[in-house]
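Coordinate analysis (summary)
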Amino acid sequence: MLLKDKKFYRMFLILCLPIVLQNVISLSVNLTDNLMLGSYAESALSGVTAVNQIQFIYQNLLIGIGDGLVILASQYWGKKDTETIRKVASIAMRTALVLMLALFVIVSLFPEQAVGLFTNDAEIIAEGVKYLNIVRFTYPFFCVTTILLAVLRSTEVVKIAFYLSLSTLCINFCINWCLIYGRFGLPRLGVQGAAIGTLVARIVECIIILCYVAKKERNLGLKLRDFLHVDRSIMRDYYRVSLPILFISAMWGVNTAMQTAILGHLTSSAIAANSMASNLYLIVKTVAVGAASTTNVFIGKAIGEGDMKVVKQYAKTFQVMFLIMGICCGLILYALTEPVLALYSFSDESRELARTFLHILCIVMVGMCYQMPVNSGIIKGGGATKYAMILDLVSIWCIVIPLSFFMAFYVKASPVVVVWCLNLDQIFKAVPAFIMVNYGHWAKKLTR
């Protein structure tokens, strides 16, 4: 039976909308780089696209660490146990900082090899290395910001994320406008100008979130000393929940990077077309990402409060919402195709490929907007993180990647066929998602 309580829908929108807007604006930082560099040079755009695959893997791992925090902390939030939430936050922050340091060292020592994983074009690698040498310094600031936002989200504080992302977009756009093209007497730096814009924006957003937590945050009263101690029993709980999520996030990031690598070894037109299409797709996809993040909090809080009847009602209501959302997002993506294409200085081949890729993604969007929030929001938010890990392992590494490699390198299929193969899992994963959420046992109490 679906919920008819208007307060439920109002609260969902209040929590979801800022998350969606934050994700849209955050992705728009990359889109800004792509749009400006697309007009500057296609090799510069392709180089930044390759480096952004490294950023995407890193971002996915940080999101995985943050999701584990939200799933566990939101149940404690349902119990109003703020002391334990602070302990969970400390463990998540330490985990994220270790990850950040490892990645920073790797890309600093092996920049050419890192970019070369995604393309074999020497000119694109050279442009990518210029960008990476600067943008790697964003990693520590982005790490701290992401984990602190996850802590706040677990206690239903989300608006600050939107304002942070808005400031990032404005700063990045202004600096890009000046430094990519060399306006107002400033040097014409191309990809290096784009990297400087991103770095400054990340530093500013990190400073803002630190000031907010220190001066304005009231639910938890977070202090620096809270991050200096570790509760070993809570640490075991956190890693039991988080390690499957972290593994999923890593595999998903690697999967996306491998998709880019597969297309990147076909033609330069396919790289540029995929860059444009995937960025627009990701922006529209933020609706599903925001819905999944919000659902995590709703489900976790309800389980923490011990109301399993409400948990089941939430699950049925969310499924209908997600399906309607998918149809709407597919139509929005279709409507945006031509206006956004007009902004790019593409060759005719790249333009036609990008248009076809986007039409494929319009269909993919419907399945993705149902299965992803169900698997990542309801099921994973309920504590069944191992199920989500197994589903992704089977779908990505046993079906999608082998099939795509076979079609790209043995059959020598066109980029269009390869893009279909790379995105099929977003449709067929809807079936196990429906079965598990309606007939499986996924709601688990994780708190002590």
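Everything in this summary refers to the structure shown in the same document. (Residues numbered from 1 in each chain as written. Predicted model: local features only at pLDDT ≥ 70, side-chain atom pairs only at ≥ 80, totals over all residues. Heavy atoms only, no water.)

**Some remarks on the overall build of the protein chain**
Put simply, the rule reads: Runs of E in the DSSP output that reach at least two residues are strands. Runs of H or I that reach at least four are helices, and both are numbered from the N terminus. Within these notes, the globule rule equals 2.2 Å times the number of residues to the 0.38 power, and the radius of gyration is based on C-alpha atoms. The classification of residues rests on relative accessible area computed with a 1.4 Å probe and restricted to protein chains. Under 20% of the type maximum is buried, over 50% is exposed, and intermediate values are partly exposed. For this analysis, residues touch if any pair of their heavy atoms sits within 4.5 Å. Computed with the Shrake-Rupley method and a 1.4 Å probe, the accessible areas treat only the protein chains shown as cover for residues.
Across its full length, the protein chain carries 16 helices and 0 strands. Computed over the C-alpha atoms, the radius of gyration of the protein chain is 21 Å, within 12% of the 22 Å expected from 2.2 N^0.38 for a compact globule of 448 residues. With the C-alpha coordinates of the protein chain rotated into their principal frame, the extents come out at 60 × 45 × 40 Å. When the 448 residues of the protein chain are sorted by exposure, 58% land in the buried category. Within the protein chain, counting contacts between residues at least 6 apart in sequence, those at least 24 apart form 85% of the total. Split by element, the accessible area of the protein chain, about 18,200 Å² in all, is 68% carbon and sulfur.

**Concerning the environment of Tyr-314**
Within the secondary structure layout, Tyr-314 lies in helix 11 (residues 308-341). Residue classification places Tyr-314 among the buried positions, given a relative accessible area of 15%. For the pair formed by Tyr-314 and Ala-96, sequence separation is 218 residues and the distance between their alpha carbons is 31 Å.

**With respect to the layout of surface pockets**
Formally: Throughout, the protein atoms alone are placed on a 1 Å grid, and a set of points is a cavity if a 1.4 Å probe fits but cannot get out or a pocket if it is open with protein on both sides within 12 Å along at least five of seven lines; lining residues have an atom within 4 Å of a point. Grid points are joined across faces, edges and corners, and a volume is the space filled by probe spheres set on the points. Under the scheme applied, nonpolar residues are Ala, Val, Leu, Ile, Met, Phe, Trp, Tyr, Cys and Pro; charged residues are Asp, Glu, Lys and Arg; polar residues are all the others, including Gly.
The volume enclosed by the largest pocket comes to roughly 300 Å³. Taken together, 13 residues line the largest pocket, and the ones lying closest to its centre are Leu-148, Leu-210, Lys-223, Leu-224 and Phe-227. Per-element accounting of the lining of the largest pocket gives the leading share, 4 residues, to helix 3 (residues 82-109). Broken down by class, the residue content of the lining of the largest pocket amounts to 10 nonpolar, 1 polar and 2 charged.

**Regarding the pattern of salt bridges**
Between side chains of opposite charge, pairing is possible as soon as their charged atoms come close. Defined as follows: The term salt bridge refers to a side-chain nitrogen of Lys or Arg lying within 4 Å of a carboxyl oxygen of Asp or Glu.
Following the criterion strictly, the structure yields 10 salt bridges and no others. The partner of Arg-153 in a salt bridge is Asp-67, and the shortest N-O contact between them spans 3.4 Å. Of the two residues, Arg-153 is situated in helix 6 (residues 139-154) and Asp-67 in helix 2 (residues 42-78); the sequence distance between them amounts to 86 residues. Accessibility expressed as a relative area gives 15% for Arg-153, which makes it buried.

**What about a nonpolar patch on the surface?**
In plain terms, the rule: Only residues whose relative accessible area exceeds 30% and that form no salt bridge are eligible for patches; like-charged ones are grouped when within 9 Å, while nonpolar side chains (Val, Leu, Ile, Met, Phe, Trp, Tyr) are grouped when within 5 Å.
A grouping of Ile-363, Ile-390, Val-394, Ile-399, Leu-403, Trp-420, Leu-424, Ile-427 and Phe-428 is seen on the molecular surface, where their side chains present a nonpolar patch of about 690 Å² in accessible area. The greatest single-element share of the nonpolar patch, amounting to 4 residues, is contributed by helix 13 (residues 385-410). Of note, Ile-363 is situated in helix 12 (residues 348-379).

**Brief notes about the packing of helix 11 against helix 16 (residues 430-439)**
Note the threshold: An axis is simply a line fitted to the C-alpha atoms; with a helix, the fit covers only the stretch in contact. Between two such axes, the angle follows the N-to-C directions and lies from 0 to 180 degrees. An angle counts as roughly parallel when it lies under 35 degrees, as roughly antiparallel when it exceeds 145, as roughly perpendicular when it falls between 65 and 115, and as oblique in every other case.
Their axes nearest at 10 Å, the elements helix 11 and helix 16 cross at an angle of 155 degrees. Accordingly, the angle class assigned to the pair helix 11 and helix 16 is roughly antiparallel. Residues Ala-315, Lys-316 and Gln-319 of helix 11 pack against Phe-434, Val-437 and Asn-438 of helix 16. Here the residues of the contact of helix 11 with helix 16 sort into 3 nonpolar, 2 polar and 1 charged.

**Observations regarding helix 12**
What counts here: Multiplying 1.5 Å by the helix residue count minus one yields the expected span of that helix. We define the bend at any residue as the angle between the axes fitted to the seven residues before and including it, ending there, and the seven starting there.
The terminal C-alpha atoms of helix 12 lie 44 Å apart, and with 32 residues this matches the ideal 46 Å at 1.5 Å per residue to within 8%. Where helix 12 bends most, the angle comes to about 35 degrees, and this point is Val-364. The buried count for helix 12 comes to 23 of 32 residues, which makes it a mostly enclosed element.

**Examining the packing of helix 5 (residues 122-135) against helix 8 (residues 191-215)**
To be explicit about the condition: It is the rotation of the near helix from the far one that decides the hand of a crossing: anticlockwise by less than a right angle makes it left-handed, clockwise makes it right-handed.
Their axes nearest at 8 Å, the elements helix 5 and helix 8 cross at an angle of 25 degrees. With respect to helix 8, the element helix 5 is oriented roughly parallel. Here the hand of the crossing between helix 5 and helix 8 comes out right-handed. On helix 8, the residues that touch Glu-127, Lys-130, Tyr-131, Ile-134 and Val-135 of helix 5 are Val-191, Gln-192, Ala-194, Ala-195, Ile-196, Thr-198 and Leu-199.

**Some remarks on a positive patch on the surface**
What counts is decided by this rule: In this charge count, Lys and Arg are treated as positive and Asp and Glu as negative; neither His nor the chain ends contribute. Here the site of a charge means atom NZ of a Lys, CZ of an Arg, CG of an Asp or CD of a Glu.
On the surface, a cluster of positive charge is contributed by Lys-215, Lys-216, Arg-218, Lys-223 and Arg-225. Relative to the helices and strands, Arg-218 is located in the loop between helix 8 and helix 9 (232-264). A residue is classified by how much of its surface remains accessible, and Arg-218, at 63% relative accessible area, is exposed.

**Re the packing of aromatic side chains**
Applicable threshold: Aromatic rings from Phe, Tyr and Trp, with only the six-membered ring used for Trp, were paired whenever their centres fell within 6.5 Å, and each pair was classed as stacked if the ring planes differed by under 30 degrees, edge-to-face if by over 60, and tilted otherwise.
Under the criterion given, the structure shown has 17 aromatic pairs. Centre to centre, the rings of Phe-8 and Phe-318 are 5.5 Å apart; their planes meet at 50 degrees, and the pair counts as tilted. With Phe-8 in helix 1 (residues 6-40) and Phe-318 in helix 11, this residue pair connects regions lying 310 residues apart in the sequence. The pair formed by Phe-8 and Phe-318 is uniform in burial state, with each residue classed as buried. By the ring-pair criterion, three or more aromatic residues cluster together here, those being Phe-8, Tyr-9, Phe-12, Phe-298, Tyr-314, Phe-318 and Phe-322.

**A few points about the environment of Leu-210**
Here Leu-210 lies in helix 8. Residue class for Leu-210 comes out partly exposed when judged on its relative accessible area of 42%. Linking Leu-210 and Ile-379, residues 169 residues apart in sequence, is a C-alpha distance of 32 Å. Not counting the four nearest positions on each side in its chain, Leu-210 is found in contact with Val-144 and Leu-148.

**Here we look at the state of the cysteines**
As a reminder, the rule being used: The disulfide criterion is simple: two cysteine sulfur atoms within 2.5 Å.
Tallying each qualifying case throughout the model produces 0 disulfides. Of all cysteine sulfurs, the one in Cys-206 lies closest to Cys-143, which takes part in no disulfide; the gap is 8.9 Å. Cys-178 forms no disulfide, and the closest cysteine sulfur to it belongs to Cys-174, at a distance of 7.0 Å.

**Some details on the side chain of Thr-146**
What counts, and what does not: Throughout this description, a polar contact denotes any pair of N or O atoms lying within 3.5 Å of each other; where both atoms belong to protein, one of them has to be capable of donating a hydrogen while the other can accept it, and for residues adjacent in sequence the pair is counted only when both atoms sit in side chains.
Along the chain, Thr-146 turns up in helix 6. Given a relative accessible area of 16%, Thr-146 falls into the buried group. Polar side-chain contacts of Thr-146 include one of 2.8 Å to the backbone oxygen of Phe-142.

Limitation: the analysis is restricted to geometry and does not speak to function.
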